[in-house]
Every structure is written in structure tokens, then in C-alpha cells.
Amino acid sequence: MSDLLLNHLGGAWHAGRGAGTALFDPVLGNELVRVDATGLDLAGGFAFARDQGGAALRALTYRQRGELLGAIVKVLQANRDAYYEIATANSGTVKNDSAVDIDGAIYTTGVYAKLGATLGERRFLVDGEAASLAKDGVFQSQHLQVPTRGLSLFINAFNFPAWGLWEKAAPALLSGVPVVVKPATATAWLTQRMVKDVFDAGVLPAGALSVVCGSSAGLLDALQPLDVLSFTGSADTAQLIRSHAAVAQHSVRVNIEADSVNSALLLEGEAPGSAAFELLVKEVVREMTVKSGQKCTAIRRVFVPEALYGAAAEAISARLAKTTVGNPRNETVRMGALVSRTQLNAVREGLKGLQQQAEVLHDGARHALVDADPAVACCVGPTLLGSRTPDSAARLHDTEVFGPVATLLPYRDAAHALALVRRGGGSLVASVYGSDAGALATAALDLADHHGRVHVVSPDVAAAHSGHGNVMPQSLHGGPGRAGGGEELGGARALNFYHRRAAVQAAPAVLAALTA
Ligand code: NAP
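Presented here is a report on the structure given in the accompanying data block. (Residues numbered from 1 in each chain as written. Predicted model: local features only at pLDDT ≥ 70, side-chain atom pairs only at ≥ 80, totals over all residues. Heavy atoms only, no water.)

A few points about the pattern of salt bridges
Stated formally: Only one rule defines a salt bridge in this text: a Lys or Arg side-chain nitrogen within 4 Å of an Asp or Glu carboxyl oxygen. We count a stretch as a helix when DSSP gives it H or I for four or more residues in a row; a strand needs E for two or more, and each element gets its number in order from the N terminus. Note on classification: 1.4 Å probe, protein chains only; a residue is buried when its accessible area is under 20% of the maximum for its type, exposed when over 50%, partly exposed between these limits.
Taken as a whole, this structure holds 14 salt bridges when the rule is applied. Close ionic contact of Arg50 with Asp227 constitutes a salt bridge, the shortest N to O distance being 2.7 Å. With Arg50 in helix 1 (residues 42-58) and Asp227 in the loop between strand 10 (209-211) and strand 11 (228-232), this residue pair connects regions lying 177 residues apart in the sequence. We classify Arg50 as buried; its relative accessible area is 13%. For Asp227, a relative accessible area of 0% translates into the label buried. A salt bridge links Glu349 to Lys352; its shortest N-O distance comes to 3.3 Å. Linking Glu349 with Lys352, this pair stays in helix 11 (residues 341-355), spanning three residues, or about one helical turn. Exposure remark for Glu349: the relative accessible area of 48% places this residue in the partly exposed category.

Right under this line is the structure:
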């Protein structure tokens, strides 16, 4: 039997009392490790995190907590090779795709380490200017942001075991709030290993960082009024979380990052083969194939002017045909596996559903697998679908197939294009391609209320833009409606979630003493 990963809770390591759930190599099919959270004292462990971890973190200044993040970056860098090995084995990703997760995690933590230095020797944030509440300003109101005395519970998705932890933990720890992470079971190994490495290095105070691997049973019941809960995953699980009794009873602050049917839009006036056209084609192919399309930000719908439907289908398909799929250990392979058999089946089912309203422009099933047994490996080639009747194809606007799948859709004019994009019901990101700065700005503004991020690609940023699907810590991550309504990252904005805002009403002398 494979090794059982330990949980870290209440300042100590614990084995679950059950037989555990096995994690597999999605390419070779062998069992890797097991996880189990049966019998853990969740209430006791959560209390330890709040009382010990929270108190120790809050005693530090932002600068000191930034230094802790800097020390974490060093630990993660020192163990990077081991993380790549775990990612290859457990996520089935090629090196470049593992980097999106692992190096993305390290970079994001580093950005928040630096932010700590700029926030300096304070232990709370001053929010705006004082406002006068009485004649001559003798009584005033000053807003403050203070770290919550609760803990932050992260329930994470399977596709980013490294980045998914640190993009949340870095702002939480910088805010002075302890973290308990529950990674998705299928890929929990990498998250657990990172927590273990940070623990072994003795970087953080006891109780500041805990990990529970296995079932989520009982986790939400252990939440208290000042805790915060950050969830990343499917819209279905998000709905369960939002309506959980403990969340409702204690007004636990919740952030949801859910699924999304993101768009790429080529504006009118761009000829086939033009710079903007080629940039769209390149980005669509990249988004479909990076991490085998298992990215919440991946492009799912591609909008082009009606006259360019054929040319776009041809250009995207030609590039997709060159994608080698299979065992990530083979250097010729560009796209590895889906994360599990369950995901492979879900993608196949999802494709069947989309095909009822779309034609196949490039068939992923025709890709032969390199160095991988199709009976075992959870690998599938990229599939481009298309529909010439996007108005009546409702499914294409509301179904996220979490794999290497996108749909090409033609539009009549700008208003039609923008209306079709909005049929996603709120997404994480839309990217817009063109060469007319005015038209690009107009489209970006029009789409902003429906998206957490609008990524604008013009030929002058061809080499510099950060990528449709790449989540940069400086920019907001999240989206309204369908995307969950959450907000993460966005530089210092991320700290808001872990702080409580309060207004102190007092004489100017008291406020001066407070903010001195
Ligand atoms: P999922 O099935 O919803 O699972 C997400 C997490 O919730 C896992 O840790 C899971 O644990 C846990 N969970 C399941 N049932 C639960 C319950 N009743 N109570 C509390 N926790 C529960 O999602 P997934 O399949 O891992 O991830 C894929 C989805 O995530 C995609 O739809 C993708 O779009 C979305 N996603 C969104 C973002 C974003 O930032 N917006 C990022 C990445 C992924 P177990 O694994 O143990 O079941």
C-alpha cells in the first residue's frame, strides 16, 4: 500500500484514522500516495490556529510578515525540483504547465513579500482620511482595517495545488491571519508537501499554516463568526458552501472562485493573417492546451466576425494539429494528461453535450498518444468546435468543459459580439484582439462589468502581454455572476478580505494617537 500523507493541525502532524483515498498517476495509472482526514479534531485544531497562529502573526508588523513570505519563497525555491516531480506524477503535466502552477506560486508569494516591505512597521491599515462629525472638527470618524482574529479556511480546486495555496496564503499571512488549507483530493500531494517543507524549515509560528488532506466533512461546521472561507471549485460545490448552515449562522465571510465560460474576441476590421488575427489564433491555441485546458481562466468561446469564421477555424485547427499529446516525461510531448479518469469522462461527456449544438472543426480524438496507453492514460487531444448560429446555441454559452475544448462563434457586428460575450453570465476574463486603440478601449469598457479582468491584445504588446489565462498578482482575479462573484489578488486589494473595516469615532487627539 502507498504512503499515507499526514495532516498538519493543532501544531502537530496527524494520520487520519481511516484507510484513506488513493491518489494516482493519471498517465501511468499507478497509485502514488493516500490521504485521509478521518477522526481529526477539527474544532481543536481550528482553535489552535486562531489562538496561537493568529496571535503570533498579529504581533508582527507587515514588514516582518513580508519577511516570513520572503523566507517561504526561499524554501519553495530550494525544493522546486521535488515539486516538479510530484506535478509530473500526480497532475500529468509537462514542465511548462507545471511551471504555471509552481513558479506561479513562488512568484506570487514574492510579490506579497515585497508588498510587506512597503506597508512597513504597522499592524493595521488606515483607511482614508478622517471625516468631521461635529462643528469645527472636534469629533471625527476615522476608518481602519484590522486583521480578523479568525482563521482563513481555503477549500481548493485540483488544477492548481501549488498556486491555489499560495495566491491565497500570501495575502492572508501578510494580513496576520492563520491559514488552514484543504486541497482537492486528486492532487493534494503537492500542497501537502509544500506545507511540510515550510513547516520543516521552521519559518512560520506554530498554528500559522495547517493542512487537512482528504474529505471536507466537518470543516465548515468548525467555522466561527470571525473566520473567512475562500473556496475555489465548481459552481455546484460553491452553491453547497454558500448555503451551509455554519456559514449562514455565523456570517462567515466567503469568497467564491467558481467556473467560467471565458471569451476571446477579435474585433472587426482585422484581415485573416493580420497581426491581431494571428495573436488571437496563438492565444486560443495556448489557452486550449496549457494544463490540458484545466484552467479556470481558459478561453472557452472564441468570437470572430462572420466573414472570418472559416479562416479562423482553419488557422486554429492547423496549430492544434501540431500539438503532441501524451506522457509528459517524453520531451516531444507538448500537452500532458487530464488529472483523473473522472475528469477524462467528464470532458468526454461535456463534449458530447456541446456537439449537440456545434460542429467539430478539429477533433482531439484523432491525436495519437505519445508514450501513453489510451486504455490507462487520462490524455485527450484538443478539440475545436464551432457553430454558425451562436444566438440559438445556449449550451455553448453556459457549459464549461474543463479540458482542451473551445468553440468558435461568428458575430454580425460589434453590438452582437458584445451581447454574445455577455451570455457567459459573468466570467473571470475576456480577451479582446485588434489594432484600433479606440475600438479596443470601447470594447474593454463595455465588457468590464461582466468580467474580473479584460485582457487587451494589440500588435504593440505582442511580445509583452502577460497572457489571457495567466493570473498576475498585480491584477484582480475573480468575476461576477457565474464566475462566483469573488475577488482575489489585485495587489494590496487582496488584503481587504482578511481585514475587518471599523470606524473609530473620537476626538482628533485620540485619532492622532491611534494613527501615530
Ligand atoms: P470541486 O469538485 O467543486 O471541488 C473543489 C473543492 O471542494 C475540493 O477541495 C473538494 O474536495 C471540495 N468539496 C467537494 N465537495 C464539498 C463539500 N460538499 N463541502 C466542502 N468542500 C467540498 O471542483 P474541482 O473539480 O476540484 O475543480 C474544478 C472546477 O474549479 C472547475 O469548474 C474550475 O472552473 C473551477 N476553478 C475555478 C478557479 C477560479 O479561480 N475561479 C480556479 C480553479 C478551478 P475533494 O477534492 O476532496 O472532493
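Looking at the packing of helix 4 (residues 95-119) against helix 5 (residues 163-175)
Rules: All axes are obtained by fitting lines to C-alpha atoms, using only the stretch in contact for helices, and the reported angles, taken between N-to-C directions, cover 0 to 180 degrees. The labels follow the angle: roughly parallel below 35 degrees, roughly antiparallel above 145, roughly perpendicular from 65 to 115, and oblique for the rest. It only takes one pair of heavy atoms within 4.5 Å for two residues to be counted as in contact. Three classes are used, and their members are as follows: Ala, Val, Leu, Ile, Met, Phe, Trp, Tyr, Cys and Pro are nonpolar, Asp, Glu, Lys and Arg are charged, and the others, Gly among them, are polar.
Helix 5 packs onto helix 4 with a crossing angle of 10° between their chain directions and a minimal axis gap of 8 Å. Judged by the angle between their axes, helix 4 and helix 5 are roughly parallel. Here Asp101, Gly104, Ala105, Thr108, Thr109, Tyr112, Leu115 and Gly116 of helix 4 come into contact with helix 5, specifically with Trp163, Gly164, Trp166, Glu167, Ala170, Pro171 and Leu174. Its residues placed into classes, the contact of helix 4 with helix 5 shows eight nonpolar, five polar and two charged.

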